[in-house]
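# Coordinate inspection notes
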Amino acid sequence: MRSAMPDLTAEDRAFVDSLVGDQPAGWDVAGELPDDVLRKLGTRGLLCAQVPTAHGGIGASSRSNGEFTAHVGSLCSSLRSVMTSQGMAAWTVQKLGDSAQRAAHLRRLTGGQLAAVCFSEPAAGSDLAAMGTTIRRVGDSVVVDGHKKWATAAAYADLLVVFGRYEDGAAAVVVPTSAPGVRVERVIDPLGCRAAGHAHVRLDDVRLPADSLLGGVAQGLPLLVTTALAYGRFSVAWGCVGILRACRTAAAEHASTRQQFGRPIAEHQLVARHLAELYIAEQTASRVCEHASDCWDAGSPEVVVATVLAKHVAAGNAARGAGSAVQVLASAAATDGHVVARAYRDAKLMEIIEGSSEICQLILAEHATSVR
Amino acid sequence: MTIEQETGEAVATPAGIEEQLVSYLEERTKARVTPDQDLFRSGVVSSMFAMELIVYLEKEYQVSIAGGDLKLDNFRSVAAMTSLLLRLRGSSDAVGDA
Ligand SMILES: Cc1cc2nc3c(=O)[nH]c(=O)nc-3n(C[C@H](O)[C@H](O)[C@H](O)COP(=O)(O)OP(=O)(O)OC[C@H]3O[C@@H](n4cnc5c(N)ncnc54)[C@H](O)[C@@H]3O)c2cc1C
């Protein structure tokens, strides 16, 4: 039984710690997360902790879920990526779905089923307006055709939230991966987050009941995408705080114990500077993420730009910070699976997804000129 | 919370809502805004700013904007947002117990 006050608890953290243990290195090398770990976390509502209690979720605040996301991110970015997908799917259903769809799907997402979100296509990466996937209404069904790329967690997923063109606008549909016409093709040897189950998805004349269409009507693509990404960006940002925490801890530990030239390397000033920069990167990323979450929890309109800022700052800091950590550990971190080696590969990808650094900069520039 | 609730009551007429929205938009964008102006075509509003407006409207008017209401047309003008708000405040359907 959870306590009356809905939020994440120390027990939730301990539960994750006990499931994860020292396995992330092995998961990274194998490129696979154990199904039972994902299902256990999912059944406890931990993969999308902000889902309201009325829908079987934990009802966590953004701040508390953010801290939790950072904790998981410090252990394993692959697992954290699965949380980001699940949370983004849940948020999309919550925002775009009608009450019957929310009731049905959110129960599944807090009941052990896993979900992925599909925006990207071969010709539509940063430019999602180029999306070619179509959703058509045919009698009592909707029919989906398209080719999606790089959907995180799709290899594990029971459900896909697929964005596509619909009537004179766009829409999102919930597609079971078991539906005829769905083919999930795993990405082989991804650069980072290697166990996150990235996959390309082919949707070939996929026929679904009409109520698979979230909200039931055509909407504007930019608003749909922006809505879904809001959660994804915030989750990636907090995940990067976790990466930085893991790197700072590993670098500080190593620099205090590794001796060269007769003293701990932390006493060489050029090494000490790396440690200072890692600390700065971690702290500044934490503060911008806390601010974004506090805006989210307060219902402040500033949340929109604060989330993009948090994602941009945290991802850039994580990519640079992980580079510094590899430098400090040197050969000690130069094998795959090592927490710092993983951070180095995983963090770089965080500068690409959910709005690349350049796309974030364009959004922030537009904001800067609009608030003169 | 009493002050906020009173504010909410005071502006619950179409004219009151329009007036409040115009002043919010003018303050936020530093541009002149009229109730019927197409905010997207005139470049006053981007889809990121539309998201901001949604969060603002949800908080300020205690509504939840979800599902089929999340279309840009509902935010295209002050008049469109006003009629959306009046409709959402009038219905007791728990759309978006988000
Ligand atoms: C690990 C990983 C996980 C992913 N997970 C998902 C997922 O779950 N679901 C999903 O749908 N997709 C996912 N993606 C895809 C991801 O969203 C895209 O990779 C991303 O949007 C960038 O698109 P692209 O790779 O096609 O790069 P492009 O859009 O081709 O960009 C290439 C470069 O050009 C820059 N660029 C492009 N346009 C501009 C511009 N206008 N101004 C300045 N610079 C520009 C970009 O910033 C980038 O540096 C994932 C990708 C990765 C690597």
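Attention here is on the structure that accompanies the text. The structure displayed is predicted, hence computed values, not measured ones.

## Describing the packing of aromatic side chains
- Considering all chains together, one arrives at 6 aromatic pairs over all chains under this definition.
- Between the aromatic rings of Phe119(A) and Phe163(A), the centroid separation amounts to 4.7 Å while the plane-to-plane angle is 25 degrees, which identifies the pairing as stacked. With Phe119(A) in the loop between β1 (115-118) and β2 (134-138) and Phe163(A) in strand β4 (residues 159-166), this residue pair connects regions lying 44 residues apart in the sequence. In this pair, the class of Phe119(A) matches that of Phe163(A), namely buried.
- Pairing Tyr231(A) with Phe234(A) gives two aromatic rings, centres 5.3 Å apart and planes at 70 degrees, and the pair type is edge-to-face. Of the two residues, Tyr231(A) and Phe234(A) are both situated in helix α7 (residues 221-257); the distance of 3 residues between them amounts to about one turn of the helix.
- Through pairs of rings, three or more aromatic residues link up here, namely Trp91(A), Tyr231(A), Phe234(A) and Trp296(A).
- For the cation-ring pair, Arg28(B) lies above Phe49(B), with the distance from its terminal atom to the ring centre recorded as 4.5 Å.

## Brief notes about the environment of Leu53(B)
All names here are of chain B.
- Looking at where Leu53 falls in the secondary structure, it is placed in helix α3 (residues 47-60).
- Judged by relative accessible area, Leu53 falls into the buried class, the value being 0%.
- Along the backbone, Leu53 and Leu21 are 32 residues apart, and their C-alpha atoms lie at a distance of 9.6 Å.
- If sequence neighbours within four positions are ignored, Leu53 has contacts with Tyr24, Leu25, Val45 and Met81.

## Quick word on the interface of chain A and chain B
- Listed as interface residues are 30 residues of chain A and, on the opposing side, 28 residues of chain B.
- Carbon and sulfur atoms supply 61% of the area that chain A and chain B bury against each other, a total of about 2,300 Å² over both sides.
- For the chain A face of the interface with chain B, the top three residues by lost area are Lys95(A), Leu223(A) and Pro301(A), together amounting to 27%.
- Where chain A meets chain B, there are 1 salt bridge.
- Note that Lys95(A) is salt-bridged to Glu58(B), the shortest N-O span being 2.8 Å.
- If you look at where chain A meets chain B, you find 5 residue pairs in polar contact (both at pLDDT 80 or more).
- By residue number, the principal contributor to the side of chain A that touches chain B is α7(A), which donates 5 residues.
- Counted by class, the side of chain A that touches chain B contains 13 nonpolar, 12 polar and 5 charged residues.

## Let's talk about the site of the ligand
Residues and elements named next belong to chain A.
- Neighbouring the ligand are 17 residues, the closest being Phe119, Ser120, Ser126, Trp150 and Ser356.
- Here Val117 contributes a backbone N or O atom positioned 2.9 Å from a nitrogen atom of the ligand.
- One of the side-chain nitrogen or oxygen atoms of Glu358 is found 2.8 Å away from an oxygen atom of the ligand.
- Contact with the protein chains removes 62% of the 960 Å² of surface that the ligand exposes when unbound.
- With 3 residues, the single largest contributor to the shell around the ligand is strand β3 (residues 141-151).

The rules behind each value
Residues numbered from 1 in each chain as written. Chains lettered and ligands numbered in written order. Predicted model: local features only at pLDDT ≥ 70, side-chain atom pairs only at ≥ 80, totals over all residues. Heavy atoms only, no water. Phe/Tyr/Trp six-rings, centres within 6.5 Å; stacked < 30°, edge-to-face > 60°. Helix = DSSP H or I, 4+ residues; strand = E, 2+ residues; numbered from the N terminus. Buried < 20%, exposed > 50% of the residue type's maximum accessible area, 1.4 Å probe, protein only. Lys NZ or Arg CZ within 6 Å of the ring centre and 35° of its normal. Contact = heavy atoms within 4.5 Å. Buried area = accessible area lost by both parts, 1.4 Å probe. Salt bridge = Lys/Arg side-chain N within 4 Å of Asp/Glu carboxyl O. Polar contact = N/O pair within 3.5 Å; in protein donor to acceptor, adjacent residues only side chain to side chain. Nonpolar A, V, L, I, M, F, W, Y, C, P; charged D, E, K, R; others polar. Near = heavy atom within 4 Å. Areas by Shrake-Rupley, 256 points an atom, 1.4 Å probe, with all protein chains shown as cover.

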